[in-house]
Amino acid sequence: MTDLKKQYELFGISPEVYTFGEQILVSLQERFRQIDETAEYNQLKVIFAMQECSVSEACLLGTTGYGYNDLGRDTLESVYADVFHTEDALVRPQITCGTHALALALMSNLRPGDELLSPVGKPYDTLEEVIGIRPSKGSLKEYGISYSQVDLLEDGSFDYEGIRAAIHDNTRLVTIQRSKGYQTRPTLSVEKIGELIRFIKEIKPDVICMVDNCYGEFVETIEPTDVGADMVVGSLIKNPGGGLAPIGGYIAGKRECVENAAYRLTSPGLGKEVGASLGLLPSFYQGLFLAPTVTANALKGAIFAANIYEKIGFPVFPDGAQERHDIIQAVTFGSPEGVIAFCRGIQAAASVDSFVTPEPWDMPGYDSQVIMAAGAFVSGSSIELSADGPIKPPYTVYFQGGLTFPHAKLGILKTLQNLLDAGIISDDFRRTQT
Ligand SMILES: *Cc1c(COP(=O)(O)O)cnc(C)c1O
């Protein structure tokens, strides 16, 4: 133990902060055990899928050029379909990010005159421009696709009557965002998503139910496609890439939905047949293999952070005891200094760019300054230890990731040390008045 304390001292973490962290950890043993059990279940799910699909050494080789007969790419897509229990999947480095994957799924499965419905309130920021909520070139709106939205009720539950009224004759696709993203509504459990889909399909059986699965993969033992979703969509530089995938996105679902997406991604007539995997397949396979345990580590980090800051007296969301359905943790500091000290702590714990000091800046598309901490092996990867926060009231920081729990723990202890050193937390580990 003394040795471990010394290791932390190398990072400027005092024995008091270390001990405080250890006390919190003792209370989390049972939670962590449950998370390990989920990871174990999902690990077996992934290995079984790889075995069922006869993943071989040859699958790790890539193609160039057109990418015809890319065995590794095609097999990987079968593995994803197997993991998500769907008819088909599209998993490509040509899908550049989560927003692109979602835009692709929407644009390929909607036609002019159709309507898109979000029954869970405002979607993720970047989708506002995809849909045309904020005017944008190439939006669904420009193509004559309308949008309607039903907000969640005050208590976070579904507005069933509002949803019933918002399902029109031309409602073709329903988009359900699993994770809260950077909002303060609760993240939806897979079970809740299932209830919502059942309700919607009773009213209109032919509507396509798509779930934005970002940050949710492998947090539970079931996925939205196990409870009726026609499509799940996500990013490979979040959970399913396991920290190894350097780019990419996926769409898994009904054959027709995936086919539509493939014809849109490449070209009508070509679909899934083209799209070279280059040299990326080993990272996609191995990343998926690691994804269940990496997600578990990130979850443990989020819960550790929630319990630390809750104990000190800051509002945390979700709270320390709440069940988790994604890997994002919000902590409200009530002052710009708190947000800044936290992000600098995360940055200082990074393996890459630890010597950089993050500063708030005017990021395009935001109405306030934003500070970000990210010392990642894969640029922008938010399954790696990262944090960001807008510099505006209530001064909340969003924290996520950590490929290993020891790294997440180091990051969180470092944030705590920074807040202490800045006088935002007092020596008896209580929030000081701000
Ligand atoms: C991250 C995220 C996206 C967008 O993904 P990018 O890769 O950043 O484009 C969409 N929806 C949710 C819920 C997300 O968390």
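Note: the structure precedes this text.
Owing to the predicted nature of the structure, the values given are computational and were not obtained by experimental measurement. (Residues numbered from 1 in each chain as written. Predicted model: local features only at pLDDT ≥ 70, side-chain atom pairs only at ≥ 80, totals over all residues. Heavy atoms only, no water.)

1. Concerning the site of the ligand
Then step 1. All residues adjacent to the ligand are Cys 97, Gly 98, Thr 99, Leu 102, Tyr 124, Gln 177, Asp 212, Cys 214, Tyr 215, Ser 235 and Lys 238.
Then step 2. In this structure, an oxygen atom belonging to the ligand sits 2.5 Å away from a side-chain N or O atom of Thr 99.
Then step 3. In this structure, Lys 238 approaches the ligand through a side-chain N or O atom, which is 3.0 Å from an oxygen atom.
Then step 4. Compared with its free state, where it exposes 380 Å², the ligand has 89% of that area covered by protein. (Near = heavy atom within 4 Å. Polar contact = N/O pair within 3.5 Å; in protein donor to acceptor, adjacent residues only side chain to side chain. Areas by Shrake-Rupley, 256 points an atom, 1.4 Å probe, with all protein chains shown as cover.)

2. Some details on the environment of Gly 113
Then step 1. Looking at the element boundaries, Gly 113 is found in the loop between helix H5 (98–109) and strand S2 (115–118).
Then step 2. Along the primary structure Gly 113 and Arg 172 are separated by 59 residues, whereas in three dimensions their C-alpha atoms are 9.4 Å apart.
Then step 3. Beyond its immediate stretch of four places on either side in the chain, Gly 113 contacts Gly 144 and Asn 170. (Helix = DSSP H or I, 4+ residues; strand = E, 2+ residues; numbered from the N terminus. Contact = heavy atoms within 4.5 Å.)

3. Some details on the packing of aromatic side chains
Then step 1. Taken as a whole and judged by the stated rule, the model has 16 aromatic pairs.
Then step 2. Both rings, one in Tyr 80 and one in Tyr 250, keep their centres 5.5 Å apart while their planes meet at 45°; by these two values the pair is tilted. Separated by 170 residues along the polypeptide, Tyr 80 in helix H4 (residues 71–83) and Tyr 250 in strand S7 (residues 249–253) bring together distant segments of the chain.
Then step 3. Since its relative accessible area comes to 0%, Tyr 250 is described here as buried.
Then step 4. Ring pairs connect the aromatic residues Tyr 309, Phe 314, Phe 333, Phe 342 and Phe 399, which therefore count as one cluster.
Then step 5. Between the NZ or CZ atom of Lys 238 and the centre of the ring of Tyr 215, over which it lies, the distance is 4.2 Å. (Phe/Tyr/Trp six-rings, centres within 6.5 Å; stacked < 30°, edge-to-face > 60°. Buried < 20%, exposed > 50% of the residue type's maximum accessible area, 1.4 Å probe, protein only. Lys NZ or Arg CZ within 6 Å of the ring centre and 35° of its normal.)

4. Description of empty space enclosed by the protein
Leftover empty space is mapped by rolling, across the atoms, a probe with the size of a water molecule.
Then step 1. Applying the stated criterion across every chain, the model contains one cavity of 30 Å³ or more.
Then step 2. Reported here for the largest cavity is a volume of approximately 40 Å³.
Then step 3. Looking at the largest cavity, the residues that line it are Arg 73, Leu 76, Val 91, Pro 93, Ser 277, Leu 281 and Phe 284.
Then step 4. Looking at the lining of the largest cavity, the elements with two or more residues in it are H4 and helix H10 (281–312).
Then step 5. Broken down by class, the residue content of the lining of the largest cavity amounts to five nonpolar, one polar and one charged. (1 Å grid on protein atoms, 1.4 Å probe; cavity = no way out; pocket = protein on both sides within 12 Å on 5 of 7 lines; lining within 4 Å. Points joined across faces, edges and corners; volume = space filled by probe spheres on them. Nonpolar A, V, L, I, M, F, W, Y, C, P; charged D, E, K, R; others polar.)

5. Here we look at the sheet that holds S2
Then step 1. Here seven strands make up an open sheet; going across it, the order is S1-S7-S6-S5-S4-S2-S3 and the pairing mixed. Looking at which strands have only one partner, the edges of the open sheet turn out to be strand S1 (88–92) and strand S3 (146–149). Here the average twist between neighbouring strands, direction ignored, is 20°.
Then step 2. Relative to S3, S2 runs parallel, the two sharing four bridges. Residue Glu 115 lies in a different strand from S3, and its bridge partner there is Ser 146.
Then step 3. Across the sheet, H4 lies against S1 and S7, angled at about 125° from S1, the strand it touches most.
Then step 4. Sheet strands in contact with helix H9 (residues 255–265) are S1, strand S5 (208–212), strand S6 (231–235) and S7, and its direction is about 30° off that of S1. (Pairing = 2+ DSSP bridges. Axes fitted to C-alpha atoms, helices over the stretch in contact; angles between N-to-C directions.)

6. Some thoughts on the environment of Ser 381
Then step 1. Checked against the element boundaries, Ser 381 lands in the loop between strand S10 (370–374) and strand S11 (386–390).
Then step 2. With a relative accessible area of 4%, Ser 381 lands in the buried category.
Then step 3. Sequence spacing of Ser 381 and Ala 245 is 136 residues, and the spatial spacing of their C-alpha atoms is 9.3 Å.
Then step 4. Among residues more than four places away in sequence, those in contact with Ser 381 are Ile 237, Ala 376 and Ser 386.
Then step 5. Within the local environment of Ser 381, its side chain forms a polar contact with the backbone oxygen of Ile 237, the two atoms lying 3.4 Å apart.

7. Comments concerning the pattern of salt bridges
Then step 1. Under the definition given, this model contains 21 salt bridges.
Then step 2. The salt bridge partner of Arg 33 is Glu 30, with a shortest N-O separation of 2.9 Å. Of this pair, Arg 33 and Glu 30 both sit in helix H3 (residues 29–52), separated by three residues, roughly a single helical turn.
Then step 3. Classification of Arg 33 as partly exposed rests on a relative accessible area of 42%.
Then step 4. In this structure, Lys 272 and Asp 88 form a salt bridge, with 2.6 Å as the shortest nitrogen-oxygen distance. In this pair, Lys 272 is assigned in the loop between H9 and H10 and Asp 88 in strand S1, connecting sequence segments 184 residues apart.
Then step 5. A relative accessible area of 15% places Asp 88 in the buried class. (Salt bridge = Lys/Arg side-chain N within 4 Å of Asp/Glu carboxyl O.)

8. Some points on the nonpolar core
Nonpolar side chains in soluble globular proteins tend to end up buried together.
Then step 1. Counting residues in hydrophobic clusters, the biggest one holds 59 residues, and the most contacted among them are Phe 304, Ile 308, Tyr 309, Phe 333 and Leu 416.
Then step 2. Elements represented by at least two residues in this core include exactly helix H2 (15–26), H3, H10, strand S9 (329–332), helix H11 (336–348), S10, strand S12 (396–400) and helix H12 (405–421).
Then step 3. It is H10 that contributes the most residues to this core, 11 residues altogether.
Then step 4. Counting residues in hydrophobic clusters, the runner-up holds 45 residues, among them Leu 76, Phe 199, Val 207 and Leu 280. (Core = buried A, V, L, I, M, F, W, Y, C linked by side-chain atoms within 4.5 Å.)

9. Considerations on the side chain of Glu 220
Then step 1. Along the chain, Glu 220 turns up in the loop between S5 and S6.
Then step 2. One buried charge, Glu 220, has no salt-bridge partner; the nearest side chain with opposite charge is Arg 178, at 4.1 Å.
Then step 3. For Glu 220, the side chain forms a polar contact with the main-chain nitrogen of Val 190, separated by 3.1 Å.
Then step 4. A polar atom in the side chain of Glu 220 sits 3.0 Å from the side chain of His 325.
Then step 5. Residues in contact with Glu 220, not counting those within four places in the same chain, are Thr 38, Asn 42, Arg 178, Ser 189, Val 190 and His 325. (Lys, Arg positive; Asp, Glu negative; His and termini not counted.)

10. Quick notes on H2
Then step 1. Taking 1.5 Å of rise per residue, 12 residues should cover 16 Å, and H2 covers 17 Å from first to last C-alpha, within 8% of that figure.
Then step 2. Within H2, the full set of buried residues consists of Val 17, Tyr 18, Phe 20, Gly 21, Glu 22, Ile 24 and Leu 25. (Expected span 1.5 Å × (residues − 1).)

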